[in-house]
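Reading the structure
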Amino acid sequence: MPDVNFSVAGLCQLIRNHDVTVMFLTTGLFHLFADYSDRDLPSLRQMLFGGDVGSAAHAQRFLDGHPGCILTNAYGPTEATVLATAFTIPRGYSAPELPIGMGGSPYRHPHPRRNPA
């Protein structure tokens, strides 16, 4: 029977065992992860978190402990079950709050009247 008790240490072991490269956590779980995760997670390249207001202090703590990892604060309404905006937190970010980013995409569908095929 699988272990039904959650721990940050167990999550870190799972990341190492399966060479996890990208991960999305709820904000509350991300805060715990930032406080208690192992610093030796070489496969982890990007961490996304969202679902609630993120803590800039936790973001900085995570970035300090995982210098090779990109950290992104993501937002998306529950009803849509998608990410609508994202803000990648740069190293040395010092503002007291985290923005949720801007919507939109660099990819635009051409308007048929302005860009005829």
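Further up the page is the structure itself.
Rules used throughout
Within every chain, residues take consecutive numbers counted from 1 along the sequence as written. Local features in this predicted model are restricted to residues of pLDDT 70 or higher, and side-chain atom pairs are both shown and tallied only at a pLDDT of 80 or more, whereas totals for entire chains, interfaces and linings draw on every residue. Neither water nor hydrogens contribute to the side-chain values; these are computed over all heavy atoms in the structure. Put simply, DSSP H or I for four residues or longer makes a helix, DSSP E for two residues or longer makes a strand, and each gets a number counted from the N terminus. Think of it in three bands: with a 1.4 Å probe and only protein chains considered, a residue is buried below 20% of the maximum accessible area for its type, exposed above 50%, and partly exposed in between. Only heavy atoms enter the contact rule, under which two residues are in contact if any of them lie within 4.5 Å. Methods summary: accessible areas were calculated by the Shrake-Rupley approach with a probe of 1.4 Å, and residue burial reflects only the protein chains presented. Note on geometry: axes are lines fitted to C-alpha atoms, helical ones only across the stretch in contact, with angles between N-to-C directions running from 0 to 180 degrees. Angles are sorted into four bins: roughly parallel if under 35 degrees, roughly antiparallel if over 145, roughly perpendicular if 65 to 115, and oblique for all others. We call a crossing left-handed when the near helix sits turned anticlockwise from the far one by less than a right angle, and right-handed when that turn is clockwise. In the scheme used here, Gly and all other residues not listed as nonpolar or charged are polar, with Ala, Val, Leu, Ile, Met, Phe, Trp, Tyr, Cys and Pro taken as nonpolar and Asp, Glu, Lys and Arg as charged. To be clear, the arc concerns the directions from the helix axis to the C-beta atoms. Any pair of nitrogen or oxygen atoms within 3.5 Å is treated as a polar contact; in protein, a donor-acceptor pairing is required on top of that, and neighbouring residues in sequence qualify only through side-chain atoms on both sides. By the convention used here, strands pair only if DSSP detects at least 2 bridges between them.

A few points about the overall build of the protein
Along the protein, the regular secondary structure elements total 3 helices and 4 strands. Order of helices (α) and strands (β) in the protein, N terminus to C terminus: α-β-α-β-α-β-β. A burial count over the protein gives 34% of its 117 residues as buried. Within the protein, counting contacts between residues at least 6 apart in sequence, those at least 24 apart form 51% of the total. Working note: accessible area of the protein is about 7900 Å², and carbon and sulfur atoms make up 58% of it.

Remarks on the packing of helix H2 (residues 27-36) against helix H3 (residues 56-65)
For the pair H2 and H3, interaxial distance at closest approach is 8 Å and the crossing angle is 45°. The orientation of H2 relative to H3 falls into the category oblique. When you trace H2 past H3, the crossing you get is left-handed. When H2 is examined against H3, the residues Phe-30, His-31, Phe-33, Ala-34 and Asp-35 are found in contact with a partner set consisting of His-58, Ala-59, Arg-61 and Phe-62. A class-by-class count of the residues in the contact of H2 with H3 yields 5 nonpolar, 2 polar and 2 charged.

Side note on unusual backbone geometry
Here Asp-19, not a glycine, exhibits a phi torsion of approximately 50°, which is positive. By secondary structure assignment, the location of Asp-19 is in the loop between helix H1 (8-18) and strand E1 (22-26).

Overview of H1
Among the residues making up H1, those that are buried are Val-8, Leu-11, Cys-12 and Ile-15. Along the axis of H1, the buried residues cluster in a sector spanning 100°; they form a single face. Turned more than 90 degrees away from the buried face of H1, the exposed residues are Ala-9, Asn-17 and His-18. Residues of H1 that are buried in the fold lie against E1 and H2.

Here's the deal with H3
Counting buried positions along H3 gives 7 out of 10 residues, so the element sits mostly inside the fold. Along H3, the residues classified as buried are Ala-56, His-58, Ala-59, Gln-60, Phe-62, Leu-63 and Gly-65. The elements touched by buried residues of H3 are H2, strand E2 (46-50) and strand E3 (70-75). For H3, the capping residue at the N-terminal end is Ser-55, with a side-chain oxygen 3.3 Å from the backbone nitrogen of Ala-57.

Side note on the pairing of E1
Side chains Met-23 and Leu-25 project from E1 onto a buried face, and the interleaved Val-22, Phe-24 and Thr-26 project onto a face without burial. Across 5 bridges, the pairing between E1 and E2 is parallel. Following the sheet pairing, Val-22 is matched in E2 by Gln-46.

Remarks on the pairing of strand E4 (residues 85-88)
Because side chains alternate across E4, one face comprises the buried residues Thr-85 and Phe-87, and the other comprises Ala-86 and Thr-88, none of which is buried. Examined bridge by bridge, E3 and E4 share 4 bridges and lie antiparallel to one another. If you follow Asn-73 over to E4, its bridge partner there is Phe-87.

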